[in-house]
Amino acid sequence: MSFGPFLLLALMEGLVSAAVLALMASGLSLVFGVMRVVNVAHGAFFMTGAVLAWFVAGHVPGPPVWGWLAALVVVPPMVGLMAAAVDTLVLKRLEYEPEAVIVATIGLLYILEQAALIGFGPDARPVAAPFSLRLQLPWFGYSGYKLFVVAAAGLVLLALWLVMTRTRFGLVMRATQVDRTTARAFGINVDRVYAGTFGLGAALAAVAAVLVVPTTQVHYLMGGDPLLLSFITVIIGGLGSLRGTLVAALIIGLSDGVISMFWAPTLSKIIATLLVALVLVFRPQGLFGAKA
Amino acid sequence: MAAVILQATGLAKAFGGLKAVDGVDFALRAGEIHALIGPNGAGKTTFVSLLSGRIAPDAGRIELGEEDITALPAHARVRKGIAYTFQITSIYPRLSVFDNVALAVQSQGARDLRAGVAEALGRVGMESLVSQEAGTLSYGHQRLLELAMGLALKPRVLILDEPTQGLAAGEIDGFVALVRGLVSETTVLMIEHNMEVVMDLAQRITVLNFGQVLAQGTPAEIRANPAVQAAYLGTGDAAA
Amino acid sequence: MKAWLFHLVALAGLAVLAAVLPAYHANNLARVLVLAVYATGYNLAFGYTGMLSLGHALFFGAGMFGAALPVTLWGWGGVPVLALGMLAGGVVAGAVGLLALRTKGVSFMIVTLMFAQAGYLTLIWFNAVTGGDQGLVLPGAARRVLGIDLTQDAPRLWLALGIYAVALLLAVALVRSRFGRIMLAMRENEERSRMLGYNPYAVKLKVLVVSGLYAGLAGAAYGLFFGYAGAGFATVQYSILPMLYSLLGGAGTALGPLIGAAAMFWLIDFVSSLTNAYLMLVGVALIVLVLFAPRGILGFVRERWLPWLP
């Protein structure tokens, strides 16, 4: 294969990573933006979503599409509810003290991973794709499902944007983000907004998981890399800025696809983690965020 | 006239579009008690924050004695002799009174911590509370502790940011006597809203308004200044 | 005086344990003591100075490979490689601190985490030298320190106890010194400390370097004592463990990290005989501690009975 098609393939793979990353990272960004806390268990919510998707898909008879659809409908609310419960039972009691929340969500990360190890086991397992359309380009064939993932992620993000800008819940969320005390004074139930936001953030990770499992395999440690990439995305994009997060997801997803096609993934990860550290030190508002 | 110990020239600081301090020239004479007054938002706290180095100026120059300290960070200015006591009491609530004051004493490299702490606490009459946890002190005692920490630094210039705020009338009297007693050893610059305290203590007064110096002079001069009356004292009788 | 006596009695108790414990637990105690050196250093930064780092695994790893690489590359051994490992931990901590200490709180946690992750990946990247995931097995010849044969259980335990004793007493001396008071001041109120003439950046950098020296020594000792150095010791988990030990034993208490390390080690040892998901315990412990017992065991003891405890 010559360079042009090779690059096209890399870009297409990159677009898929970017779409999934955008979902993951917008969940993390949302939680940070509204609640001012960092959720280290975000990758574990992703993994939990994948494990549950595997479980649900395996229990629905008929062609794979039914199982997958059932997972898409059932799993994100389940993970979201679980996260909302964690918010109420743990984070709220910590009064959202940022450092304590990090420690607690590290704990949660261990609990979820180890629970998956007990319930799901140490092996990697596949989930069947809902359909197996193959797109034949002049140079190579490409999975139609992967392109569907990109479209679906785009739809979900559009829906998220509509929720944030057009609904009462979005308004309440933004009001709480600007000033928690004032929001409370205006009769907003801040506790419920926080639980809802934390749940929504986790549900977005679960959506990403359901979308992505047919192209990869389910494993109890699969949350690590997506967590790291989401961190990178959110920080480069400017903490708490949804638009910055999307731009960063696109750039990082695409470059990750391209870079890992041409360079060793370890080296690109080293560079990316160092870049994040340096951005936080020298440009904490992110590369795309406005100067504070 | 006494020598100038702290001097600001053309000092300016803006936050966004707001000029909080706008080209202030100011001289503090050694050994005086100098009050900084002005309506809320006049830039008083910003001004002393610039002097103490807690924020960096956009323009202007600050000299301590003969030395240009404009570029020095806050902690280095403290070592040079500019002490700052916070408007909102800022102590170490979970450390003992002894440790609170000891941190100030040892900052000056004193050999004998105990003696230094005892001396500073003696000045504010808190020797008996030396082993108490600072956070459990009454508000008035916390203010005094803050002052003791400032004194323990043995500063050349002591900046007090609204020192009498929240004190009871009796405590204010004690405070006034205490500050008056400092004249022989240090120079005091204080932001103060209580006009009785200002007129009683200050030898000179600087009035800030909209980030600029509106007037400067003795209490009598300030009282008589029509511009000050218009901008700040209202009818000229607000002190009463 | 009481404080010194307390810690000397504790060390004497450890010596008795070292003499009477059966082989299996004596070996575990040696591991616990080395991990306690690591956690004691971590606690100087976290418990006393208020720096919550998620990057200490990098300093531990630097110590471990700072000692292991001279062994495998040039055939060194003994005290020089221990010293090199310790130095490596301190130097790396200093380098990380120079940058990371420009941030605080959550940003500091993430920056240190990212540096440590980059360090871990670097160990993997140079797997030709570091052994990558497989790690390096250190030959017995290199594992002699001051004539003590570290392949033997008993001598190893006594050396571990000796190193811990020195580490503990130095930590006690440090936190009881004038500088120790400044460390607490940084933890309690950084802005106030600045206005008392202390440079927070410089103070915290010094503490981080000391903490890195502890971590480096512990990493080097762990490698040399048990004959193995692996990149796995530079993963995030090894940053979280000393935090957990400190939290459990009591952040900001000198002996707390040892108590936390011992309790966690034996708990995990016990649970791992029942299930392979023994790390669940780490997660549960972290959440329970931040929720219900943020002061930890010795912190509670200090609050109730021994207010003079350093």
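Before reading further, recall that the structure is shown in the block above.
Quick summary incoming for the structure in this document. (Residues numbered from 1 in each chain as written. Chains lettered and ligands numbered in written order. Predicted model: local features only at pLDDT ≥ 70, side-chain atom pairs only at ≥ 80, totals over all residues. Heavy atoms only, no water.)

Before going further, it helps to examine the overall build of chain C. Summing up its helical and strand segments, chain C has 14 helices and four strands in all. Relative to the 2.2 N^0.38 estimate, which gives 19 Å for 310 residues, the radius of gyration of chain C is 19 Å and therefore close to what a compact globule would have. Expressed as lengths along the three principal axes of its C-alpha atoms, the size of chain C is roughly 55 × 45 × 40 Å. Looking at chain C as a whole, 60% of its 310 residues are labelled buried. Considering only intrachain contacts with a sequence separation of at least 6, the fraction spanning at least 24 residues in chain C is 79%. Accessible surface, chain C as shown: approximately 11200 Å² in total, 69% of it carbon and sulfur. Each charge class in chain C was averaged separately, 18 positive and 8 negative side chains, and the resulting centres sit 10 Å apart. (Helix = DSSP H or I, 4+ residues; strand = E, 2+ residues; numbered from the N terminus. Rg over C-alpha atoms; globule rule 2.2 N^0.38 Å. Buried < 20%, exposed > 50% of the residue type's maximum accessible area, 1.4 Å probe, protein only. Contact = heavy atoms within 4.5 Å. Areas by Shrake-Rupley, 256 points an atom, 1.4 Å probe, with all protein chains shown as cover. Lys, Arg positive; Asp, Glu negative; His and termini not counted. Charge placed at Lys NZ, Arg CZ, Asp CG, Glu CD.)

Turning our attention to the sheet that holds strand E10 (residues 212-217) of chain B. Strands in a sheet are paired, the pairing made by backbone hydrogen bonds, and the direction either parallel or antiparallel. Residues and elements named next belong to chain B. Taken together, six strands build an open sheet; the order of strands is E6-E7-E8-E3-E9-E10 and the sheet is mixed. Every other strand in the sheet has two partners, leaving strand E6 (82-85) and E10 as the edge strands with one partner each. Here the average twist between neighbouring strands, direction ignored, is 20°. Strand direction decides the pairing type here: strand E3 (residues 33-37) and strand E9 (residues 204-209), joined by four bridges, are parallel. Paired with Leu-36 across the strands is Thr-206, a residue of E9. Sitting on the sheet, helix H1 (residues 44-52) is in contact with E3, E6, strand E7 (157-161), strand E8 (187-191) and E9, with an inclination near 145° to E6. (Pairing = 2+ DSSP bridges. Axes fitted to C-alpha atoms, helices over the stretch in contact; angles between N-to-C directions.)

What follows is about the interface of chain A and chain C. Chain A puts 36 residues into the contact, and the matching count from chain C is 39 residues. Buried area between chain A and chain C, both sides added, is near 3300 Å², and the carbon and sulfur share of it is 86%. Our count for the chain A to chain C interface comes out at zero salt bridges. Our count for the chain A to chain C interface comes out at one residue pair in polar contact (both at pLDDT 80 or more). Residue assignment for the side of chain A that touches chain C shows that the elements contributing at least two residues are helix H3 (64-91), helix H4 (98-120), helix H9 (224-237) and helix H11 (265-282) of chain A. For the side of chain A that touches chain C, the element with the highest residue contribution is H4(A), accounting for 15 residues. Looking at the side of chain A that touches chain C residue by residue, the classes come out as 29 nonpolar, four polar and three charged. (Buried area = accessible area lost by both parts, 1.4 Å probe. Salt bridge = Lys/Arg side-chain N within 4 Å of Asp/Glu carboxyl O. Polar contact = N/O pair within 3.5 Å; in protein donor to acceptor, adjacent residues only side chain to side chain. Nonpolar A, V, L, I, M, F, W, Y, C, P; charged D, E, K, R; others polar.)

All names here are of chain B. Pairing in this open sheet of four strands is antiparallel, and the strands run E2-E1-E4-E5 from one edge to the other. Sheet topology places strand E2 (18-29) and strand E5 (67-68) at the edges, where each strand pairs with a single neighbour. Of the strands in this sheet, strand E1 (4-15), E2 and strand E4 (59-64) are in contact with H1, which crosses E1 at around 120°.

A separate point is the interface of chain B and chain C. Across the boundary between the two partners, chain B contributes 29 residues, which contact 17 residues of chain C. Of the roughly 2100 Å² buried where chain B meets chain C, counting both sides, 55% is carbon and sulfur surface. When residues of chain B are sorted by the area they lose upon contact with chain C, B:His75, B:Tyr92 and B:Gln106 head the list and together hold 30% of the total. Joining chain B to chain C, the criterion identifies four salt bridges. When the shortest N-O distance is used, the salt bridge between B:Glu146 and C:Arg192 registers 2.6 Å. Joining chain B to chain C, the criterion identifies 17 residue pairs in polar contact (both at pLDDT 80 or more). Going through the elements one at a time, helix H2 (74-80), E6, helix H3 (97-107) and helix H5 (139-152) of chain B are the ones with two or more residues in the side of chain B that touches chain C. Sorting elements by how many residues they give to the side of chain B that touches chain C places H3(B) first, with seven residues. Residues of the side of chain B that touches chain C, tallied by class, amount to 15 nonpolar, seven polar and seven charged.

Attention shifts here to helix H2 (residues 23-48) of chain C. Residue and element names in this part refer to chain C. Taking 1.5 Å as the rise per residue, H2 with 26 residues should run 38 Å; its terminal C-alpha atoms sit 35 Å apart, in good agreement. Helix geometry: H2 is bent most strongly at Tyr-42, by close to 35°. Counting buried residues along H2, 21 of its 26 residues qualify, which places the element largely inside the surrounding structure. (Expected span 1.5 Å × (residues − 1). Bend = angle between axes of the 7 residues up to and from the residue.)

This next bit is on a nonpolar patch on the surface. Residue and element names in this part refer to chain C. A surface patch of nonpolar side chains, amounting to about 630 Å² of accessible area, comprises Leu-73, Trp-74, Trp-76, Trp-125, Phe-126 and Val-129. Mapped onto the secondary structure, Trp-76 falls in the loop between helix H3 (56-74) and helix H4 (79-100). Accessibility expressed as a relative area gives 39% for Trp-76, which makes it partly exposed. (Patch = residues over 30% accessible without salt bridge, like charges linked within 9 Å, V, L, I, M, F, W, Y side chains within 5 Å.)

On to the nonpolar core. Grouped together as the largest cluster of nonpolar side chains are 289 residues, with contacts concentrated most on A:Phe45, B:Leu6, B:Phe47, C:Tyr164 and C:Phe225. What A:Phe45 contacts, discounting residues up to four positions off in sequence, is A:Asn39, A:Val79, A:Met82, A:Ala83, A:Leu108, A:Leu112, A:Phe198, A:Ala202 and A:Ala205. The next biggest cluster of nonpolar side chains, apart from the first, holds 11 residues, and it includes B:Ile37, B:Met195, B:Val198 and B:Ile205. (Core = buried A, V, L, I, M, F, W, Y, C linked by side-chain atoms within 4.5 Å.)

Turning our eyes to something else, we now look at helix H8 (residues 178-188) of chain C. Burial within H8(C) is extensive, with eight of its 11 residues counted as buried. Lining the buried residues of H8(C) we find H3 and helix H4 (113-124) of chain B together with H2, helix H7 (153-176), helix H9 (190-194) and helix H10 (200-226) of chain C. The N-cap of H8(C), judged by a side-chain oxygen 3.2 Å from the amide nitrogen of C:Phe179 a few residues on, is C:Ser177.

Glancing now at the environment of A:Thr197. Residues and elements named next belong to chain A. Here Thr-197 is to be found in helix H8 (residues 190-212). Exposure remark for Thr-197: the relative accessible area of 0% places this residue in the buried category. Placed 165 residues apart in sequence, Thr-197 and Phe-32 show a C-alpha to C-alpha distance of 9.6 Å. Non-local contacts of Thr-197, meaning those with residues more than four positions away in its chain, are made with Leu-30, Val-31, Val-34, Met-35, Phe-169 and Met-173. From its side chain, Thr-197 meets the backbone oxygen of Val-193 in a polar contact 2.7 Å long.

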